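Descriptive structure summary
For reference, the chains in residue letters:
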Amino acid sequence: MEQATFLKINPADSVVVCLAPKKKGDIIDVDGKQIIVNQDTPAGHKVLIKDAKEGEDIVKYGYPIGHARQDLKAGDWVNENNLKTNLSGTLEYTYNPVNQPLNIKDEKRTFKGYVRKNGDVGVRNEIWIVPTVGCVNGIAERLAEQLRKETGMKDIDAIWTWHHNYGCSQLSEDHENTRKVLRDICLHPNAGGVLVLSLGCENNQPEDFMAMLGDYDKDRIKLLVTQRVEGDEMEAGMAILRDLYAKAKQDKREEVSVSKLRVGLKCGGSDGFSGITANPLVGEFSDWLVAQGGTSILTEVPEMFGAETILMNRCETPELFDKTVSMINNFKNYFLSHGEPVGENPSPGNKAGGISTLEDKALGCTQKCGKAPVSGVMEYGDRLEHTGLNLLSAPGNDLVASTALASAGCHIVLFTTGRGTPFGTFVPTMKIATNPTLAKNKPHWVDFSAGQLVEGRTMQELVPEFIDKVLAVASGEPARNEENGYREISIFKNGVTL
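The sections below set out a description of the structure shown in this document. (Residues numbered from 1 in each chain as written. Predicted model: local features only at pLDDT ≥ 70, side-chain atom pairs only at ≥ 80, totals over all residues. Heavy atoms only, no water.)

Helix and strand counts for the protein chain stand at 13 helices and 23 strands. A compact globule built from 498 residues should have a C-alpha radius of gyration of about 23 Å, and the protein chain, at 24 Å, falls within 12% of that. Among the 498 residues that make up the protein chain, the fraction classed as buried is 56%. In the protein chain, the proportion of contacts linking residues at least 24 apart, taken out of those at least 6 apart, comes to 71%. Entry remark: accessible area of the protein chain is about 20200 Å², with carbon and sulfur atoms responsible for 48%. Side chains of the protein chain give 55 positive and 67 negative charges; the mean places of these two sets differ by 3 Å. (Helix = DSSP H or I, 4+ residues; strand = E, 2+ residues; numbered from the N terminus. Rg over C-alpha atoms; globule rule 2.2 N^0.38 Å. Buried < 20%, exposed > 50% of the residue type's maximum accessible area, 1.4 Å probe, protein only. Contact = heavy atoms within 4.5 Å. Areas by Shrake-Rupley, 256 points an atom, 1.4 Å probe, with all protein chains shown as cover. Lys, Arg positive; Asp, Glu negative; His and termini not counted. Charge placed at Lys NZ, Arg CZ, Asp CG, Glu CD.)

Moving on to the packing of aromatic side chains. With the rule as written, the count across this model stands at 16 aromatic pairs. Here Trp160 and Trp162 contribute two aromatic rings whose centre-to-centre distance is 5.8 Å and whose plane-to-plane angle is 10°, an arrangement assigned as stacked. Grouping residues by exposure puts Trp160 and Trp162 together as buried. Measuring from centroid to centroid gives 5.6 Å for Tyr334 and Phe492, while their planes differ by 75°, and the two rings are edge-to-face. Pair noted here: Tyr334 is in helix 7 (residues 318-337) and Phe492 is in the segment after helix 13 (480-484), with a separation of 158 residues, a long-range link. Phe492 gets classed as buried once you look at its relative accessible area, which sits at 15%. (Phe/Tyr/Trp six-rings, centres within 6.5 Å; stacked < 30°, edge-to-face > 60°.)

Counted under the stated rule, the structure contains 28 salt bridges. Its salt-bridge partner being Lys46, residue Asp360 comes within 2.9 Å of it at the nearest N-O pair. Pair noted here: Asp360 is in helix 9 (residues 358-365) and Lys46 is in strand 5 (residues 46-48), with a separation of 314 residues, a long-range link. Side by side, Asp360 and Lys46 carry an identical accessibility label, which is buried. Linking Asp184 and Arg383 is a salt bridge whose minimum nitrogen-to-oxygen distance equals 4.0 Å. Here Asp184 is found in helix 2 (residues 172-186), whereas its partner Arg383 is found in the loop between strand 19 (374-378) and strand 20 (388-392), with 199 residues between them in sequence. When salt bridges with common partners are traced through the structure, they connect Lys266, Glu300, Lys368 and Asp398 into a single cluster. (Salt bridge = Lys/Arg side-chain N within 4 Å of Asp/Glu carboxyl O.)

This part covers unusual backbone geometry. Its identity as a non-glycine residue notwithstanding, Lys108 has a phi of 55°, on the positive side. Within the element layout of this structure, Lys108 appears in the loop between strand 9 (83-84) and strand 10 (110-115). Judged by relative accessible area, which is 65%, Lys108 ranks as exposed. Residues other than glycine seldom take positive phi values, yet Ser169 does so here, at roughly 60°. Mapped onto the elements, Ser169 comes out in the loop between strand 13 (158-161) and helix 2. Accessibility expressed as a relative area gives 26% for Ser169, which makes it partly exposed.

Let us now look at the side chain of Thr324. Here Thr324 lies in helix 7. Not counting residues up to four positions away in its chain, the partners in contact with Thr324 are Met312, Cys315, Val377 and Leu391.

Quick look at the sheet that holds strand 6 (residues 57-60) now. Pairing within the open sheet is antiparallel, and its three strands lie in the order 6-7-9. Each edge of the open sheet is held by one strand with a lone partner, namely strand 6 and strand 9. Note: strand 6 against strand 7 (residues 63-68), three bridges, orientation antiparallel. The residue of strand 7 that forms the bridge with Lys60 is Tyr63. (Pairing = 2+ DSSP bridges.)

Once that is clear, we can look at the sheet that holds strand 17 (residues 262-267). With respect to topology, seven strands assemble into an open sheet ordered 19-20-18-17-21-22-23, the strand pairing being parallel. Only two strands of the sheet have a single neighbouring strand rather than two, namely strand 19 and strand 23 (448-449). Sheet topology note: the strand 17/strand 18 (residues 295-298) ladder contains four bridges and is parallel. Paired with Gly264 across the strands is Ile297, a residue of strand 18.

Another aspect to go through is the nonpolar core. Counting 55 residues, the largest nonpolar core has Leu261, Phe285, Ile412, Leu414, Ile432 and Phe466 as its most contacted members. For this core, the element with the most residues is helix 12 (residues 459-474), which contributes eight residues. With residues near it in sequence (within four places) discarded, Phe466 still touches Leu281, Val282, Phe285, Leu414, Ile432 and Phe448. Tyr166, Val181, Ala394 and Val400 belong to the second largest nonpolar core, which has 36 residues in total. (Core = buried A, V, L, I, M, F, W, Y, C linked by side-chain atoms within 4.5 Å.)

It is worth spelling out helix 4 (residues 233-248) at this point. Spacing of three or four residues puts side chains on the same side of an α-helix, whose turn is 3.6 residues. Over its 16 residues, helix 4 runs 22 Å from end to end, which matches the ideal 22 Å to within 8%, given 1.5 Å per residue. Within helix 4, burial applies to Met234, Gly237, Met238, Ile240, Leu241, Leu244, Tyr245 and Ala248. For helix 4, the arc enclosing every buried residue in end-on projection is 165°, short of the 170-degree limit, so these residues lie on one face. On its buried face, helix 4 is in contact with strand 12 (126-131), helix 1 (137-151), strand 14 (191-198) and strand 15 (221-225). Taking the backbone nitrogen of Met234 as reference, a side-chain oxygen 2.8 Å away marks Asp232 as the first, capping residue of helix 4. (Expected span 1.5 Å × (residues − 1). Arc of directions from axis to C-beta. Polar contact = N/O pair within 3.5 Å; in protein donor to acceptor, adjacent residues only side chain to side chain.)

So, in structure tokens, the structure goes:
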């Protein structure tokens, strides 16, 4: 069977997406009508299939993705030069609930995880050093390196320090964001032992910070205040780390219901294939996981702009709808308060890959959360309280958003990408390629290729394979970012540094 070279995603669309490059003069047959391509058009980009007047909406995924900057002809290459966003400021919204039953069987699947003392489950068993302030980053790195050398990490999964630049000289919301994210890291079940490393004089005072942890496991989370150590803080730190290591290495994986699994949904370096391959694949996984009683979290609020009503109408209650409206409009106000427009999000890489407006990006981005109802809406730094699909307030920046997902309690971040990226946050960060070229060129970055969907594989074939892959990573198979040692955190900052 001949492979398709273009795709009309929704019957209402006024564009098709090129699955392979098109040359000027090529003919495409759409709905029984022959369209002559007017310009060379790269793969992933859009070709108009009916004339559009200046100001007329261009439709993709069944929704407007902006309007024509000038009169356009059928066959024209539609891109950022002739398409303009419809987005502006905050809006008022009406709740029109949509209930779409998932009709997905509970398969009673399991993965091998670490059951913690409080009943929480981790997918890794690691030793973490968490600085309360950036001033002790150097000490933290030396401690981690020495423990790696002493132990060879034979009995645990990894040893890491989560260095950052904050914890002091911050005010109000920024300071609290830092404290919340560091708290969330300390309490994350992927850690079998945590050394909280403090200087002592910082704004993030050690005793106050430890109080934020609540009823934590004092055998597995220890504090060291370096200014209070008489003599070598390295010796004091190593004594604590050796004790944590001795306890953590006794932990063993056991079969755990997949209902305990929590995954974050993220995309970056998106392209014109994102919304037709990797994001729908992840959406299928998200729905499957929710149907098993598990949890997924969608973030990147600016990349919901233009598709937000789809999410709002899937909210289970009016209260969740109201929270989603506030999340969207608060983020728009954040942009506007800095004198920035709300619709200028696509990066140069996005545009080169075929994404022309923020609506174009958002309608593809939100497919990562499938069709499940929204059961929770979270502020930045919040920890998960509800199973099912949750929305989380965080920016689109890859590392900030991925850190926020992990901080909320996700065991793994599923990261779709068309341009490719090597990074990882403090939990396994699986890269799902949107196109075959990326998967071929960067196999050491990519964990799974959704580009197979444009090579003849079907979604029905690929979903079970992807489920197996995610559960394998949850059970201990390293993600590519872990194999490469690419792991870090980034904390959202908005205000003044003193």
